Amino acid sequence: ECVSGCVCPKGLFDDGKGGCVEEKDCPCIHNNQWYSPGQKITVDCNTCTCQKGVWSCTEDLCYGTCMIYGSGHYITFDGKFYDFDGSCEYVATQDFCGDKNSSGSFSIITENVPCGTTGVTCSKAIKMFLGVSNDSEYISVFQYIKKDVGDDVHYWNRTVGLYLVIEASNGVMLIWDKQTTVFIKLTPDYKGKVCGLCGNFDDKSNNDFTTRNGLQETNALKFGNSWKQSSMCPDVTQEIKPCDVKPHRKSWAEKECSIIRSEVFKICHSKVDPIPFYEACVHDACSCDSGGDCECFCSAVAAYAQECTKAQACVFWRTPDICPIFCDYYN
């Protein structure tokens, strides 16, 4: 028929690239990339195989990961990205949820302090409580303080490359880069059973702002304030914008952080949205105005690189001039 468009003979299918193929030869698409029948990709901990133009995936339950980095940036277990600049101790995540007498096996507390003169805060210390009693074992990632052993919860710590890893027998893992980035990993057993700044790990990001009282919030500041450990700490009442406070640093920050949106990370752009990570990088580069400029910038770019690696897009972005790591020393 003389109509605009593209049609294939009966029994054949448009392959999306201008050709006609049999159904068994239909390709699949993922993150704007084409894959041939039989090709496999990894999504989280599952493997997906292209079959007749459709992805067929295994259905294993995966570890959940929460990331806290830089000047108050949080990515919850369910992938919600937000900022919170509170200066206090806060519950990052715990399984003591619901009523006050509820039982649990762990609690992870982040102590946030001002970093720079603009009012933003960074995580100064992470405390990990293991066990269900008040005598539970307590590990400070920065100091290794130990109290009485908890209720049959054991832990191991080791160094992996740049990271310190603490792994507990109850399915909780803490990974710290020895600067301002912390990853908290939980086994699937904790799905929907945790609470705190890292959300509830129920695969839905729209309810991650659940306060200590179990109420749903839309405002990140009200949500964050509800998880402070001490009522003596002041509430955060306004979002801090360090580039407005220090406008002379803004152009430098935007120039440095542009690497996230550049060709260097092009392979990752379709898999992980660079915009929130770029904005967080500019925020951090403006805020670190009392030393540690490079650390703040490098941690912000490394956070994006880490998410790219999780999405199967390995990017080699460090150079002798940009956030170098001297591997011979670590090896």
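If you're wondering where the values come from, they're calculated on a predicted model, not measured in any experiment. Going along each chain's sequence as written, the residues are numbered from 1 onward. Predicted model: local features are reported for residues with pLDDT of at least 70 only, side-chain atom pairs are reported and counted for 80 or more only, and whole-chain, interface and lining totals are derived from all residues. Each side-chain value is worked out from all heavy atoms of the structure, with water and hydrogens disregarded.

Novice: Help me understand the sheet that holds strand β18 (residues 182-186), please; the structure alone is not making it clear to me.
Specialist: Strand pairing in a sheet is mediated by backbone hydrogen bonds. Such pairs are either parallel or antiparallel. Within the open sheet, the seven strands sit side by side as β10-β9-β8-β18-β17-β16-β15. Their pairing is antiparallel. Only two strands of the sheet have a single neighbouring strand rather than two, namely β10 (81-83) and β15 (155-160). Averaged over all adjacent pairs, the angle separating strand axes in this sheet is 15°, with direction ignored. By definition, two strands form a pair when at least two bridges between them are found by DSSP. Numbered from the N terminus, helices here are DSSP runs of H or I no shorter than four residues, and strands are runs of E no shorter than two. Alignment of strand β17 (residues 172-176) against β18, held across five bridges, turns out to be antiparallel. Bridging from a neighbouring strand, Leu174 pairs with Ile184 of β18. Convention adopted: a line fitted to C-alpha atoms gives each axis, helices being fitted over their contacting stretch, and angles between N-to-C directions are expressed from 0 to 180 degrees.

Novice: I tried to follow the state of the cysteines on my own but got confused; where do I start?
Specialist: Two cysteines joined by a covalent bond between their sulfur atoms form a disulfide. For the purposes of this analysis, a disulfide is any pair of cysteine sulfur atoms at a distance within 2.5 Å. Taken as a whole, this structure holds eleven disulfides when the rule is applied. Residue Cys268 pairs covalently with Cys308 via a disulfide, S to S 2.0 Å. Residues Cys268 and Cys308 share a disulfide whose torsion about the S-S bond is about -95°; that sign makes it left-handed. In this pair, Cys268 is assigned in helix α4 (residues 266-269) and Cys308 in helix α6 (residues 293-310), connecting sequence segments 40 residues apart. Judged on exposure class, the residue Cys268 and its partner Cys308 are both buried. We note that Cys26 lacks a disulfide partner, and the nearest cysteine sulfur, in Cys28, lies 8.4 Å from it. On the basis of relative accessible area, Cys26 is assigned to the buried category, the value being 10%. Between Cys314, a free cysteine, and Cys308, which holds the nearest cysteine sulfur, the sulfur-to-sulfur gap is 9.2 Å. Per-residue accessibility, obtained with a 1.4 Å probe over protein chains only, is compared with the maximum for each type, and a residue is labelled buried under 20%, exposed over 50%, and partly exposed between these values.

Novice: Sorry, what's going on with the packing of helix α3 (residues 250-257) against helix α5 (residues 275-287) here?
Specialist: If you want to describe how two helices pack, look at the angle between their axes and the distance between the axes. Look at α3 against α5: their axes get within 8 Å of each other, and the N-to-C directions meet at 135°. With respect to each other, α3 and α5 are oriented oblique. Between α3 and α5 lies a crossing of right-handed hand. On α5, the residues touching Lys250, Trp252, Ala253, Glu254 and Cys257 of α3 are Tyr278, Cys281, Val282, Ala285 and Cys286. Residues are sorted three ways: Asp, Glu, Lys and Arg are charged, Ala, Val, Leu, Ile, Met, Phe, Trp, Tyr, Cys and Pro are nonpolar, and all the rest, Gly among them, are polar. Partitioned by chemical class, the residues of the contact of α3 with α5 number eight nonpolar, no polar and two charged. Roughly parallel covers angles under 35 degrees, roughly antiparallel covers those over 145, roughly perpendicular covers 65 to 115, and oblique covers all other angles. Definitions for this section: a left-handed crossing has its near helix turned counterclockwise from the far helix by less than a right angle. A right-handed crossing has that turn clockwise. We call two residues contacting when some pair of their heavy atoms lies within 4.5 Å.

Geometric descriptors of this kind do not, in isolation, establish any biological role.
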